[in-house]
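# Overview (structure and organization)
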Amino acid sequence: LSGLKVIDYNVIDMKLRRGNSLIFVASKKDHLQFPEAIPSTPDKFDKDKFYLERGQEVKKSIHRLNSYIDSNVSSGKSIAGYGCGGRGVMTLSACESAKKISYMVDMNVKFENCLMPKIHIPVYDIERLAVDKVDKVIVFSFGYLEEITNTLTSFGYRKDQIVSILDILKDD
């Protein structure tokens, strides 16, 4: 947003937004009529310690995902993933246990019949979940969790079989 200042980022109520879309209003930085909604960068972002701590949090989160996958698979449960966009790709690429996921699904037809980068597990249309049932579905597209849950329950899945990646990654 070079040359712009953010005026507001809560323009549309979260319930009306599509998924986890970020919508904001901005103006030229030199325009005096509108105050900035976000103050200048806090000092903590300039400190190496801040980024080292975030890196440790990411490592712990990935460890929790590895543990979730390993414990389910070792107890005989099968897992599929829902959401092959950037979040799904990046998260699973960092996860050592990702290859234990049976397959991935996505609404985007461009992902169909492809393999996930690095982990090389197949990607299918969401209908695959209706015919090739799994015990757990990890939802990487958490902004659409309610919509995805409605679809999967119509396929016969129970809500306790559908888990948001956020619930797995969060620190207890």
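This one's a predicted model, so the numbers in the text were calculated from it and none came from an experiment.

So, on to the sheet that holds strand β5 (residues 123–124). Spatial ordering of the open sheet is given by β5-β4-β3-β6-β7, a layout of five strands whose pairing is parallel. Where the open sheet ends on each side, the last strands, each with one partner, are β5 and β7 (162–164). As judged from the three bridges shared by strand β6 (residues 136–139) and β7, these two strands associate in the parallel manner. Within β7, the residue paired with Ile138 across the bridge is Val163. Against the sheet, helix α1 (residues 48–74) engages β3 (79–82), β6 and β7, with an angle of about 165° to β6.

Another aspect to go through is the nonpolar core. In terms of nonpolar packing, the biggest core is built from 21 residues, with Leu65, Ile69, Leu92, Ile101, Met104, Met116 and Ile138 touching the most fellow members. Counting only elements with at least two residues in this core, the list comes to α1, α2 (86–93) and α5 (165–169). Setting aside anything within four residues of it in sequence, one finds Leu92 in contact with Ala98, Ile101, Met104, Met116, Ile119 and Phe140.

Below, the discussion takes up the state of the cysteines. The final tally for this structure, using the stated rule, is zero disulfides. Distance from the sulfur of Cys84, which forms no disulfide, to the nearest cysteine sulfur (Cys114) is 8.9 Å. Look at Cys84 and you get buried, because its relative accessible area is 4%.

Moving on, we come to the pattern of salt bridges. Any two side chains of opposite charge can pair, on the condition that their charged atoms come close. Scanning the entire structure with this criterion turns up eight salt bridges. Between Lys49 and Glu53 there is a salt bridge, and its shortest N-O distance comes to 3.5 Å. Within this pair, Lys49 and its partner Glu53 are both found in helix α1, separated by four residues, close to a single helical turn. Residue Lys49 is classed as exposed on the basis of its relative accessible area, which comes to 58%. Salt bridges sharing common partners tie together Lys49, Glu53, Arg54 and Glu57.

Quick look at α1 now. Relative to the 39 Å expected for 27 residues at 1.5 Å per residue, α1 spans 39 Å between its end C-alpha atoms, a close match to the ideal helical length. For α1, the complete set of buried residues consists of Phe50, Ser61, Ile62, Arg64, Leu65, Asn66, Tyr68, Ile69 and Asn72. Where α1 is buried, its residues meet β3, α2, β6, β7 and α5. Where α1 terminates, the next one or two residues include Gly76, which has phi positive at roughly 90°.

This paragraph deals with the pairing of β6. Burial along β6 is two-sided: the residues Lys136 and Ile138 and Val137 and Val139 are all buried. Examined bridge by bridge, β3 and β6 share four bridges and lie parallel to one another. Paired with Ala80 across the strands is Val137, a residue of β6. Crossover handedness for the path β6 to helix α4 (residues 145–154) to β7: right-handed.

Cut-offs and rules
Residues numbered from 1 in each chain as written. Predicted model: local features only at pLDDT ≥ 70, side-chain atom pairs only at ≥ 80, totals over all residues. Heavy atoms only, no water. Pairing = 2+ DSSP bridges. Helix = DSSP H or I, 4+ residues; strand = E, 2+ residues; numbered from the N terminus. Contact = heavy atoms within 4.5 Å. Axes fitted to C-alpha atoms, helices over the stretch in contact; angles between N-to-C directions. Core = buried A, V, L, I, M, F, W, Y, C linked by side-chain atoms within 4.5 Å. Buried < 20%, exposed > 50% of the residue type's maximum accessible area, 1.4 Å probe, protein only. Disulfide = S-S within 2.5 Å. Salt bridge = Lys/Arg side-chain N within 4 Å of Asp/Glu carboxyl O. Expected span 1.5 Å × (residues − 1). Right-handed = clockwise from strand over helix to strand, strands pointing away.

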